[in-house]
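# Observations on the three-dimensional arrangement
Letter by letter, the chains look like this.
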Amino acid sequence: MKNLLILVVLLIIGTINMLAQKQVNNDAASQDQYYPVAFNISFLAGMPQGEFEDNNNKTGFGIGADLFFNVENTPIYIGGKFGFMSFASETDERPWSTTIPDLRVDVTTDYQMYNMDFGIKLMPDWGPIRPYVEMLAGFNNLSTTTTVEDINSNNEDNNIASSDDKSDWTYNYGVGGGIAFNVYRGQLENNSRYWELLIDLNANYLLGGTAQYIVPKSKQVSDGAVSYEEATSKTDLLAIRMGVTFRF
């Protein structure tokens, strides 16, 4: 896997250099405009790797966002990325208590992961197709939360109580890359600046530190007692993002 990642990074860097040389002539007029901010929002899928996959074979789905700032007259972007994903969620209808069995509630357990990373990205500023590479370092949080909800309430906020069963933080770092397709270029209302819309496909391989967590869907309730399986492992993750980027 690591050799494959190194090969992909080298290929993307070579492509960036080739496109950068070609775009100097083709886009000289467009480069008068400077887009210092790049904001992305995307659909996120996270696939556990290695020993993390041995204990959690669920693919996480969620949402990602990032904000990068361009160093003027360079292909360098500096910023951060955020990701939230849910590996599993299970809901059971249970009695409110052993003494009030006729009053029932929904009990939901969510198995979630957060990623927060600082990053450096190399991406050409111009052209319809823009491959890029990035380096990331930051933190993971794995958490399991149980929520009790009123099943008869019509309100969206019908939570009665909630608790964190377990939460643990660890570090991560990794590399990745992607390709962005420019689909629209517009002008702001004051006509002083332009903005761009890009379709962005991205993949990151993050090497995560060791964390303790509850194995998804391992919680059992029997005779009023709760039991679940805990695991301790590295938290390596392959994260795939598909979304849109706004540059302005």
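Just so it is clear, the model here is predicted, and its values are computed rather than measured.

Let us look at the confidence of the model for the chain. The predicted coordinates should not be examined in detail at positions where pLDDT is low. Per-residue pLDDT for the chain has a mean of 85; in total, 83% of the residues score no lower than 70. Under a pLDDT of 50 for its full length, residues 18–29 has, in the predicted model, 11 contacts with residues more than four places off or in other chains.

Within the secondary structure, Arg-247 is located in strand β12 (residues 237–247). Along the chain, Arg-247 and Tyr-194 lie 53 residues apart, while their C-alpha atoms are 8.7 Å from each other. Setting aside residues up to four positions removed in sequence, Arg-247 forms contacts with Tyr-35, Val-37, Ala-38, Tyr-77, Asp-125, Arg-130, Tyr-194, Trp-195, Glu-196 and Leu-198. Side chain to side chain, Arg-247 and Glu-196 meet in a polar contact 2.7 Å long.

With respect to the element layout, Asn-204 can be found in strand β7 (residues 194–208). Here the side chain of Asn-204 touches Glu-134 through a polar contact of 2.9 Å, side chain to side chain.

Strand order in the closed barrel made by the 8 strands is β1-β2-β3-β4-β5-β6-β7-β12, with antiparallel pairing throughout. With direction set aside, neighbouring strand axes in the sheet form an average angle of 25°. The pairing of strand β5 (residues 129–149) with strand β6 (residues 159–187) spans 21 bridges and is classified as antiparallel. Within the sheet, the bridge partner assigned to Glu-149 lies in β6 and is Asn-159.

Here the structure, examined in full by the defined rule, presents 8 salt bridges. Between Arg-247 and Glu-196 there is a salt bridge, with the nearest N and O atoms lying 2.7 Å from each other. Of the two residues, Arg-247 is situated in strand β12 and Glu-196 in strand β7; the sequence distance between them amounts to 51 residues. Under the relative-accessibility criterion, Arg-247 is labelled buried at 1%. By relative accessible area, Glu-196 is classed as buried at 2%.

A few words now on the nonpolar core. Ranked by size, the top nonpolar core spans 12 residues in total: Leu-44, Phe-52, Met-85, Phe-87, Met-113, Leu-142, Ala-211, Tyr-213, Val-215, Ala-231, Leu-237 and Ala-239. Elements supplying a minimum of two residues to this core: β3 (76–95), β8 (210–214) and β12. Here Tyr-213 is in contact with Glu-51, Phe-52, Asn-55, Leu-142, Lys-166, Glu-229, Glu-230, Ala-231 and Ser-233, once residues within four sequence places are set aside.

Quick notes on the rules
- Residues numbered from 1 in each chain as written.
- Predicted model: local features only at pLDDT ≥ 70, side-chain atom pairs only at ≥ 80, totals over all residues.
- Heavy atoms only, no water.
- pLDDT = per-residue confidence, 0-100.
- Contact = heavy atoms within 4.5 Å.
- Helix = DSSP H or I, 4+ residues; strand = E, 2+ residues; numbered from the N terminus.
- Polar contact = N/O pair within 3.5 Å; in protein donor to acceptor, adjacent residues only side chain to side chain.
- Pairing = 2+ DSSP bridges.
- Axes fitted to C-alpha atoms, helices over the stretch in contact; angles between N-to-C directions.
- Salt bridge = Lys/Arg side-chain N within 4 Å of Asp/Glu carboxyl O.
- Buried < 20%, exposed > 50% of the residue type's maximum accessible area, 1.4 Å probe, protein only.
- Core = buried A, V, L, I, M, F, W, Y, C linked by side-chain atoms within 4.5 Å.

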